[in-house]
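Chain by chain, the residues:
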Amino acid sequence: MNNQKITLSPKIKNFVYFQPEVLRMLLLGFSAGIPYLLVFGTFSLLLKDAGVSRSEIGFVSWIGLTYSIKVLWSPVVDNLKLPIIGKLFGKRKSWLLVTQVGIVACLIGISVSEVSANNYTTVVWFAFFTAFLAATQDIVIDAFRIESNDDKKQGAAAATYIMGYRMAMIVTGAGALVLAEHYSWETSYQIMALCMGVGLLGWLLSPEPEHKFEPLGESELEQKISERLVSLFSNQNTQKKIQNSKAFQYFVKGIVSPFADFFSRYKWWALAIIAFILTYRISDIVMGTMANVFYDDMGFTKSEIAAVSKVYGLVMTIVGAFIGGYVVNKVKILNALMWGIILVIATNLLFAYMSTQPKDLNFLVAVISADNLAGGFSMGVLLSYMAMLVNKDFTATQYALFSSLMTLTGKFVGGFSGVNIDSWGYPIFFTYSAFLGVPAMLLIFVLMYRERKIKIEETKKAE
């Protein structure tokens, strides 16, 4: 018998998706995806089963705002090395361990909390702390992904991360609902806490990434900012004390510089970009806030919701994201963003129509397929656009800014969704949520005008 050794060709061996630093993002992406639905969509059904009203569930959804304001503490996570464990594991790995262990503890806290229509404060607090730790974990993993991979591998690392994230959402959506229906919410959330072990495995297998070290106060931008801030004080001794203060230097480097860099590069157009990011996903998020409650009110069982919405729907989201990634490479990014928002508006109107029809599982499959395909496409295109905006000298903080803004408006407006449904009914609510996407569409035209203006100026300079 021939014992010839089988060897992989260099092309296969060096394929970017086979690289360890890329594959590890599947585990860390799974870890990032576990908490999201457990404090948002799935959590809303837990409260509904306990007798909590739709209006109150809508207000509780504001817990999700922690994801939208994580930029407020991202400079701390980005620059602070935790004592003791920071020396043992490194800055990124120590923060990652703390957040993952904390999420496990809080999910167990949710599982053992007593919940009723008149007593759900404790479980909401546990959900809030879960969301805070999950948002912090996102900051760490985003920085981890960027620092662990070179520029050529960033796209593959992001795609693998999204795949892991979506797999986790299937587990915490479909898996959690099936477990709750056949056993209990307590069992469901405890098993979800065990699933965080995948993230801990990712933590164990991932080496501490190399950090770009720059001495405090030595960059040209930091010096300019320091001079302007110090000039506000007339006393020269005070100016020197402030300028030599480590706290002041950290403030300039970690908090002021990332934002000053963004505005210096885009001038007043930065406001239009921020407004666009704030509004692009509002239609999708507001509709999604009460989606599970809507399916339940339509008469679908938890198993049906799990099978269609949480499994098949999320698979379609992944397909949409890959299509979006392909389209971005073929057309202008702003054109792709335009197609994305049009698709989201159209699919929200499908929900408005479905709410006027009798229960039909096949129609539910069709509508959710279209909605998740549109959502995945628009999300993939938006992430590509935000990546183009980031200056790699301030990746963690600027990316946290954009990802925070991406969900901020939607999460806030979504908090009123229960009240809106009680007042208007589902058909008007879904129509309203669809047209919330119109401001983003108008802002795309503004950004297209900026792009044309820049090209005209470049042509004039070339002549």
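Note: the structure precedes this text.
The notes below deal with the structure included here. (Residues numbered from 1 in each chain as written. Predicted model: local features only at pLDDT ≥ 70, side-chain atom pairs only at ≥ 80, totals over all residues. Heavy atoms only, no water.)

Quick look at the packing of aromatic side chains
Put simply, the rule is: Note on ring pairs: Phe, Tyr and Trp rings are taken, using the six-membered ring of Trp, and paired if centres are within 6.5 Å. Classes follow the plane angle, with under 30 degrees stacked, over 60 edge-to-face and the rest tilted. Helical segments are the DSSP runs of H or I of at least four residues, strand segments are the runs of E of at least two, and each set is numbered from the N terminus. Only protein chains enter the accessibility calculation, which uses a 1.4 Å probe; a residue whose area is less than 20% of its type maximum is buried, one above 50% is exposed, and one in between is partly exposed. Criterion for a charge above a ring: Lys NZ or Arg CZ within 6 Å of the ring centre, and within 35 degrees of the ring normal.
Applying the stated rule across the entire model yields 31 aromatic pairs. With 6.4 Å between their ring centres and 35° between their planes, Tyr295 and Phe351 make a pair best called tilted. Of this pair, Tyr295 sits in helix H18 (residues 291-297) while Phe351 sits in helix H20 (residues 333-354), placing them 56 residues apart in sequence. Note on accessibility: Tyr295 and Phe351 belong to one class, buried. Summarising the aromatic geometry, the rings of Phe412 and Phe416 are spaced 5.6 Å apart at their centres and angled 80° between planes, so their arrangement reads as edge-to-face. Chaining the aromatic ring pairs together yields one cluster made of Phe294, Tyr295, Phe351, Trp424, Tyr426, Phe429, Phe430 and Tyr432. Of note, Lys93 hangs over the ring of Trp203, and the distance from its end group to the ring centre comes to 4.6 Å.

Topic: the state of the cysteines
Quick note on the threshold: Note on terminology: pairs of cysteine sulfur atoms within 2.5 Å are recorded as disulfides.
Here the structure, examined in full by the defined rule, presents zero disulfides. Cys106 takes part in no disulfide bond, and the closest cysteine sulfur, belonging to Cys195, lies 17 Å away. Residue class for Cys106 comes out buried when judged on its relative accessible area of 10%. Take Cys195: its relative accessible area is 18%, and that puts it in the buried class.

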